[in-house]
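# Structural overview
Below are the chains, spelled out letter by letter.
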Amino acid sequence: MLFLRDLGETEVGGFGISAADDLLLIEDFVLVRQHCSVITVAFEDESVAEFFDRQIDRGLRPEQFGRIWIHTHPGESAQPSSVDEETFSRVFGRSDWAVMAIVACGGDTFARLQFPAGPGGSLSLPFAVDYRQPFTGSDHEAWTNEYLAAVQPEPDLIFSESSCLSMLSHAGDSSRTYSPLELAAWPEW
Amino acid sequence: MQILYINNDGSGFADHIHVDDGTTVAKLFTQRVPHGRTCDYLIRVNRQPATSDQVLQSGDRVSFTPTKIEGA
């Protein structure tokens, strides 16, 4: 999640894949095709449908892959915007339960569980990495390929500076910011 | 006849269900998502976009998946 958050210059979003016996334990994060800017992310409807079909074919239940919506925010705040709230209510409001989770570039996190049963309700959840879980290891190449296949930056809205990563430029005293994709394209010197 | 029905509402659904012969996509939507608006769902049959008057066939795979998932 953090690798994908910091890979480009835009917001990014996807679905959390839950453990079969613990639905609030996210074992994977999957991107769908999306159009993104520094401050917005919009999933392609057909890609969402394909994602559902693929997960069903894997033998997963909808509650394992379609209930935890995760996206990133620029800057420091992970608090949901009005757009986030509208989407969460409209798209996930008819599910027995759903979670909206946000990871800000500055490290702040937000997670809220909502459920319509009875009078309905919601509660904030802690959002943290569970280091007790087994981990097969990082695969930056696969993650980058997934990112490049899914994330379509909106050219008109891309700012020149990433809100996530910052390092001094080697060209004089400017402090232009570079994304990991830009850094990977730099020549050796 | 039996079809595979996929939907994320309620407790979620990805199972075979029985529908009457001649059931259209629109009729199934009304039965299964009575309070929903079609504009909030991408409706596909066998992974292809479907028209409301399309008559379902035995073994079809029908999915109602959410649309306009947007954040900011």
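The sections below set out a description of the structure shown in this document. None of the values given here were measured: they were computed from a predicted structure.

Contact with chain B, which involves 27 residues of that partner, is made by 33 residues of chain A. For the pair chain B and chain A, the two sides together bury roughly 2,600 Å², of which 49% comes from carbon and sulfur. Interface area lost by chain B to chain A is led by Asn8, Ile69 and Ala72 of chain B, which between them contribute 27%. Where chain B meets chain A, there are seven salt bridges. Residue Arg47 of chain B is joined to Glu50 of chain A by a salt bridge in which the shortest nitrogen-to-oxygen separation is 3.6 Å. Of all the elements in the fold, those that place two or more residues in the side of chain B that touches chain A are β1 (2-7), β2 (13-18), β3 (41-45), β5 (61-66) and β6 (70-71) of chain B. Bridge count for strand β4 (residues 41-43) of chain A against β6 of chain B is two bridges, and the pairing is antiparallel. Bridged to Val41 of chain A within β6 of chain B is Gly71 of chain B.

Taken in spatial order, the four strands of this open sheet run β9(A)-β3(A)-β4(A)-β6(B), and their pairing is mixed. Every interior strand has two partners, whereas the edge strands, β9 (151-153) of chain A together with β6 of chain B, have only one. Across three bridges, the pairing between strand β3 (residues 34-36) of chain A and β9 of chain A is parallel. Paired with Gln34 of chain A across the bridge in β9 of chain A is Val151 of chain A.

Another point: unusual backbone geometry. Residues and elements named next belong to chain B. One non-glycine residue with positive phi stands out, namely Arg47, at about 70 degrees. Tracing the sequence through the fold places Arg47 in the loop between β3 and β4 (48-49). Within the chain, Lys68 stands out as a residue other than glycine whose phi angle is a positive 55 degrees. By secondary structure assignment, the location of Lys68 is in the loop between β5 and β6. Lys68 gets classed as partly exposed once you look at its relative accessible area, which sits at 33%.

The next thing to look at is the pattern of salt bridges. Inspection of the entire model under this criterion finds 15 salt bridges over all chains. Salt bridges sharing partners connect three or more residues here, namely Glu50, Asp53 and Asp57 of chain A together with Arg44, Arg47 and Arg61 of chain B.

Here the structure, examined in full by the defined rule, presents 13 aromatic pairs over all chains. Judged by centre distance (5.9 Å) and plane angle (20 degrees), the ring pair of Trp69 of chain A and Phe92 of chain A falls under stacked. Taken together, the residues span a long stretch of sequence, with Trp69 of chain A in strand β5 (residues 68-73) and Phe92 of chain A in helix α4 (residues 82-92) at a distance of 23 residues. In terms of burial, Trp69 of chain A and Phe92 of chain A fall into one category: buried. Look at Tyr5 of chain B and Phe13 of chain B: their rings are 5.5 Å apart centre to centre, the planes differ by 50 degrees, and that puts the pair in the tilted class. By the ring-pair criterion, three or more aromatic residues cluster together here, those being Phe15, Phe43, Phe51, Phe52 and Phe65 of chain A.

Let us now look at the side chain of Arg61 of chain B. When you line up the elements, Arg61 of chain B lands in strand β5. Here Arg61 of chain B falls in the buried class, since its relative accessible area comes to 15%. One polar contact links Arg61 of chain B to Asp57 of chain A, side chain to side chain, over a distance of 2.9 Å. Ignoring sequence-local partners within four residues, the contact set of Arg61 of chain B consists of Asp53, Ile56 and Asp57 of chain A together with Leu4, Ile6, Arg44, Val45, Asn46 and Arg47 of chain B.

Once that is clear, we can look at the sheet that holds β2 of chain B. All names here are of chain B. An order of β2-β1-β5-β3-β4 is seen for the five strands of this open sheet, with the pairing classed as mixed. Two strands lie at the open edges of the sheet, namely β2 and β4, each paired on one side alone. Strand direction decides the pairing type here: β1 and β5, joined by four bridges, are parallel. Within β5, the residue paired with Leu4 across the bridge is Arg61. Those strands touched by helix α1 (residues 25-32) are β1, β2, β3 and β5, and its axis lies near 55 degrees from that of β5.

Reading guide: rules and limits
Residues numbered from 1 in each chain as written. Chains lettered and ligands numbered in written order. Predicted model: local features only at pLDDT ≥ 70, side-chain atom pairs only at ≥ 80, totals over all residues. Heavy atoms only, no water. Contact = heavy atoms within 4.5 Å. Buried area = accessible area lost by both parts, 1.4 Å probe. Salt bridge = Lys/Arg side-chain N within 4 Å of Asp/Glu carboxyl O. Helix = DSSP H or I, 4+ residues; strand = E, 2+ residues; numbered from the N terminus. Pairing = 2+ DSSP bridges. Buried < 20%, exposed > 50% of the residue type's maximum accessible area, 1.4 Å probe, protein only. Phe/Tyr/Trp six-rings, centres within 6.5 Å; stacked < 30°, edge-to-face > 60°. Polar contact = N/O pair within 3.5 Å; in protein donor to acceptor, adjacent residues only side chain to side chain. Axes fitted to C-alpha atoms, helices over the stretch in contact; angles between N-to-C directions.

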